[in-house]
Each structure stands twice: as C-alpha cells, then as structure tokens.
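Chain and residue survey
Letter by letter, the chains look like this.
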Amino acid sequence: MAVSLLSRRLFVCYWRQFFPQKSKFHSVRAPRSKPCSLRNYHRKNIGPVMYKINVATFYKGVSPSCNVSTYDSLVKQKSSGSDGKKCGENEEHPGRHKFHKEVEAALNEQIEIEFKASFAYLSMACYYGKSQVALPGCQGFFMKMHEEEHEHGIVFLNYVLMRGGQVQVPCIGPPDIQDWKDISKTFLAAVRLESQVKEKLEELVELAEKHHDYQLVDLVSGRFLEEQNKSIQTLGRLLTRSKMTNCDIGKHLFDLHVYESFVNNHKDNFMYKSELSEEELKRIYK
C-alpha cells in the first residue's frame, strides 16, 4: 500500500516536471519559471484561430466573445490610429454649404492684402501728421484711405465667417518705406497699392465663378471693383498734380487743395479723433 502511494507521488512529480500543462490529478496550472513574451506565447499555439484567441488571453486574460476576432479588431484600431484623422474630420459642417477651399484660401489672401494696404496708408498719414511736416491735407486723405481698406478687410472677414469658413488672421508687419518725404512718390506708391488690390479682386471673381460662388461674385464686382477704379482714378489725378510741387509753396498749395477737397467736409475722419465721446463708446461696445 505504501509502495503504491509512493510510486503515485513520484509519477505526479515526474509529470509536473516534464508536462507543465493541466494534469488529471491537479486542475491548477504550474507556474512558469520565466516570463513569456507575446511572440513566444503565440508560437506555442498552432493555427490562426488559436492565435486570435490567445491575443486576448495574453492582454486581458479573458477569452473573446462569440463571433468576434480580437486580432482583427486590434489591427483595425492600429490602422485607424496611424492615419491621424479623427472621426468626422472630412465631413462638411452643416453651417458650411458649397464653400470651396480654394475660395476660402483666396479670401484669406484678400484679407491680408487689404490690411497690408491699410497699414501702409496709416504709415503715410502718420508721416504727414508730424509737426515737422504739417501737411494736414495729405494726413487726412491717407487716414481716410486707411479706414476704407480696413473696412474692406473686415467685410471679407465677416463673409468668410458667414459661409462657415475659418479666418486666418494675418500677421502684418510695418511697411518697407517709412519716409514719405517725396509727395509724388507717395502717391505713386498709393496707385500701385490700389492696382494690386484690384488685380487680386479680379482673380477672386474668376475663382468664385469657377466654383459657382455667385454671392461672392456679386459682392466683389458690384461693390469693391467700382470703388477700386474710382480710387485709382483719383490717385492718378493727384499724382499728376503732386509732380508740379517743386518747392515748399507748391507743397503747401497742393496740400491745401487736398484738404479742401477730401478732408474739410468730412469731420468723421480719424485724424480728428482725439478721444471718443460717450455716444460713440456706447455705439461701439453696445
């Protein structure tokens, strides 16, 4: 009896040493001596079905549910994560309807060029408003041009927002020229600025027609192009007269003409704004 019991125990020890799987005598699996990697763990099982099942067993210790391939789901998660795109990124927002990306980019470029022209005119106005120069006619004229170009940029900005687009706020640096001593060169630079703005507007109209953005075509062609043509014509005439100013008296007479024609009857010009009244503050911050 004792011999048979001893032989049985020796048989069990022999079985555990060479066969660490479950035995019919013990339901508990023998612990591993060394940690098993995922690759070696998969090698012990043959066939795709066992491989899929053991992925879940290795990570969670839980068998996969019925009719679900854990391996396939892990592969899909990895492939979807590698794209770097969130769900619904390519879907168009409900508030954006038939607003092409090229038109949106062109509008952002137009906003930038409008603000650049506005800052250039502000630089001219500040130069002629200095006490060392004291030409109020040129100061008020270019301050009005600054206000108009700034307003144009805001109009295009609001249009992009209305169409459900994204405004790329530009970083506007100072103009390359800060010394506007020669009046004729100043008006020549202003004519070139207005011509550049007009060319960009014409390109914007062509792009809007290409992508059937008829509201933008009507906005640009019906309002802005006419203003640009008038500005170019006015600046061209002033450029011709500015070339007649060969002395200080000629500069004074030219500036007086500009003041009487474009500034004197417009008291809302920014050059007169030393402070804002209470009514203007309420209107702005209402």
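Being a predicted model, the structure only gives us computed values, none of them experimental.

About the thresholds
- Residues numbered from 1 in each chain as written.
- Predicted model: local features only at pLDDT ≥ 70, side-chain atom pairs only at ≥ 80, totals over all residues.
- Heavy atoms only, no water.
- Salt bridge = Lys/Arg side-chain N within 4 Å of Asp/Glu carboxyl O.
- Helix = DSSP H or I, 4+ residues; strand = E, 2+ residues; numbered from the N terminus.
- Buried < 20%, exposed > 50% of the residue type's maximum accessible area, 1.4 Å probe, protein only.
- Axes fitted to C-alpha atoms, helices over the stretch in contact; angles between N-to-C directions.
- Parallel < 35°, antiparallel > 145°, perpendicular 65-115°, else oblique.
- Left-handed = near helix turned anticlockwise from the far one by under 90°.
- Nonpolar A, V, L, I, M, F, W, Y, C, P; charged D, E, K, R; others polar.
- UniProt positions renumbered as here; feature names shortened; annotations may be inferred.
- Contact = heavy atoms within 4.5 Å.
- 1 Å grid on protein atoms, 1.4 Å probe; cavity = no way out; pocket = protein on both sides within 12 Å on 5 of 7 lines; lining within 4 Å.
- Points joined across faces, edges and corners; volume = space filled by probe spheres on them.

Examining the pattern of salt bridges
Applying the stated criterion across every chain, the model contains twelve salt bridges. Residue lysine 200 is joined to glutamate 109 by a salt bridge in which the shortest nitrogen-to-oxygen separation is 3.2 Å. Linking lysine 200 in helix H7 (residues 183-210) with glutamate 109 in helix H5 (residues 101-128), this pair joins segments that are 91 residues apart in sequence. According to the relative accessible area criterion, lysine 200 is partly exposed, its value standing at 24%. Between lysine 200 and glutamate 203 there is a salt bridge, with its nearest N and O atoms 3.9 Å apart. In this pair, lysine 200 and glutamate 203 are both assigned in helix H7, three residues apart and thus about one turn of the helix distant. Residue class for glutamate 203 comes out partly exposed when judged on its relative accessible area of 48%.

A word on the packing of H5 against H7
Packed helix pairs are characterised by how far apart their axes lie and by the angle those axes make with each other. Where H5 meets H7, the closest approach of the two axes is 10 Å, and the angle between their N-to-C directions is 165°. Taken together, the axes of H5 and H7 are roughly antiparallel relative to one another. H5 and H7 meet at a crossing whose hand is left-handed. For the contact of H5 with H7, the residue count by class is 17 nonpolar, three polar and six charged.

What to know about the UniProt feature "binding site: Fe cation" (unreviewed entry) in the chain
The sites that carry the UniProt feature "binding site: Fe cation" (unreviewed entry) are, in the present numbering, Glu114, Glu149, His152, Glu194 and Gln228. For this annotated set, covering 115 residues, all C-alpha atoms fall within 12.4 Å of each other, a compact arrangement in space. Mapped onto the elements of the fold, histidine 152 is located in helix H6 (residues 136-162). Setting aside its immediate chain neighbours within four residues, histidine 152 contacts Glu114, Phe224, Glu227 and Gln228. By secondary structure assignment, the location of glutamine 228 is in helix H8 (residues 214-242). Among the residues examined, glutamine 228 registers a relative accessible area of 1% and is labelled buried.

Notes on the layout of surface pockets
When its volume is computed, the largest pocket comes out at roughly 490 Å³. If you go around the largest pocket, you meet 20 residues; those closest to its centre are Pro175, Asp176, Ile177, Trp180 and Ala189. Secondary structure elements with two or more residues in the lining of the largest pocket: H5 and H7. Here the element with the most residues in the lining of the largest pocket is H7; it accounts for seven residues. Among the residues making up the lining of the largest pocket, the classes are represented as eleven nonpolar, three polar and six charged.

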